[in-house]
Amino acid sequence: MALASGGCAGPGSDLTAGLLGTETPKPATQDVAATPQTELQKATAYWGEKFAKSPNTLEYALNYSRNLKAMGRKREALAALQHASNYHAQNRELAGEYGRLALELDQVQTAKSVLTFADDPTKPDWRIVSARGTVAAKEGNSKEAIELFERAMALSNRNPSVMNNLAMAYALDGRPAEGERLLREAASKGNSEKVQKNLALVLGLQGKYDEAKVVGGRVLPHSTVAEDTKLVRQIVGLDPRPYAPMGTPATSLAVASSHLKPVVQQTSARAPALRATAQPAPAPDTWSTQVATGSTR
């Protein structure tokens, strides 16, 4: 998975610099995406004044830190939460904010201990559970990461960012086909650049190089896509699997893939008949072919 730590690199607290993402909370006042920067600055100044006058008040610390984070001033936000933790160490909401922000700043061990406390089984928060999954993945514990991401996905009603994280945890666990399935679903919901990059990666890990180029080309320059695909192919060492775009006749795919496997010559020779036994042997116990499925809710 060398490419995972380079080719899909991105900012923030993402696992291996881009595979897994954490959910960024909105500021306490208004939605940043719909708010002019001047309004965000005003809100930050407002809560900053409140916090300066009464730094022990939890509401002021939380709102000030959220607005600082929304402005990209994450270390100042963490300092405000750290100060508040001296007076509200048993508050799970504060711990959740503190732990997720520490993770974004790559303070993994701090995030691990704080998020474990913040994960309240009586009031589960999918953002905290997902952040714990990212911690586990960063530590190389893919099994635990998968369990936590699966739990977060159920709690979040299959949030695309959690699905992306779970998909890449599957890939890191040697299960890229399962990752592909989830990433395709996540792409249908949000179609983010990160999802497209990761989908191209898991396709390449399965030898689907041509399709990986098509998917990666939607969000990356074609030269970058070609280089990344070449690197993936060198790493996995798989023969290319044919790619049939939508609308390609099945006969065309069969012709295109005929070089991958030799055609078996049909023969008219019949298999020798078997003599029937005097007493038929009892049928052995067999596994049921019915697969039990669990709820994804």
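Residues numbered from 1 in each chain as written. Predicted model: local features only at pLDDT ≥ 70, side-chain atom pairs only at ≥ 80, totals over all residues. Heavy atoms only, no water.

Trainee: Even after reading the chapter, I still don't get the packing of aromatic side chains, so can you show me in this structure?
Mentor: Two numbers describe a pair of aromatic rings. These are the distance of the centres and the angle of the planes. For the coordinates displayed, the defined rule picks out three aromatic pairs. For the ring pair tryptophan 47 and tyrosine 60, a centre distance of 6.1 Å and an interplane angle of 45° mean the geometry is tilted. In this pair, tryptophan 47 is assigned in helix α1 (residues 37-53) and tyrosine 60 in helix α2 (residues 58-70), connecting sequence segments 13 residues apart. The class for tryptophan 47 is buried, based on a relative accessible area of 11%. We note arginine 92 situated over the ring of phenylalanine 117; from NZ or CZ to the ring centre the distance is 4.9 Å. (Phe/Tyr/Trp six-rings, centres within 6.5 Å; stacked < 30°, edge-to-face > 60°. Helix = DSSP H or I, 4+ residues; strand = E, 2+ residues; numbered from the N terminus. Buried < 20%, exposed > 50% of the residue type's maximum accessible area, 1.4 Å probe, protein only. Lys NZ or Arg CZ within 6 Å of the ring centre and 35° of its normal.)

Trainee: So what exactly am I meant to see when it comes to the nonpolar core here?
Mentor: Generally speaking, a soluble globular protein has its nonpolar side chains buried in company with each other. Ranked by size, the top nonpolar core spans 32 residues in total, and within it Met153, Leu166, Met168, Leu182, Leu183, Leu199 and Val202 carry the most contacts. Taken together, the elements giving at least two residues each to this core come down to α6 (126-138), α7 (142-155), α8 (160-172), α9 (176-189), α10 (193-205) and α11 (209-216). It is α8 that provides the largest number of residues to this core, a total of eight residues. Discounting residues that sit within four places of it in the chain, valine 202 has contacts with Met168, Ala171, Pro176, Glu180 and Leu183. Formed by 28 residues, the second largest nonpolar core is a distinct cluster that contains Leu68, Leu101, Leu105 and Val135. (Core = buried A, V, L, I, M, F, W, Y, C linked by side-chain atoms within 4.5 Å. Contact = heavy atoms within 4.5 Å.)

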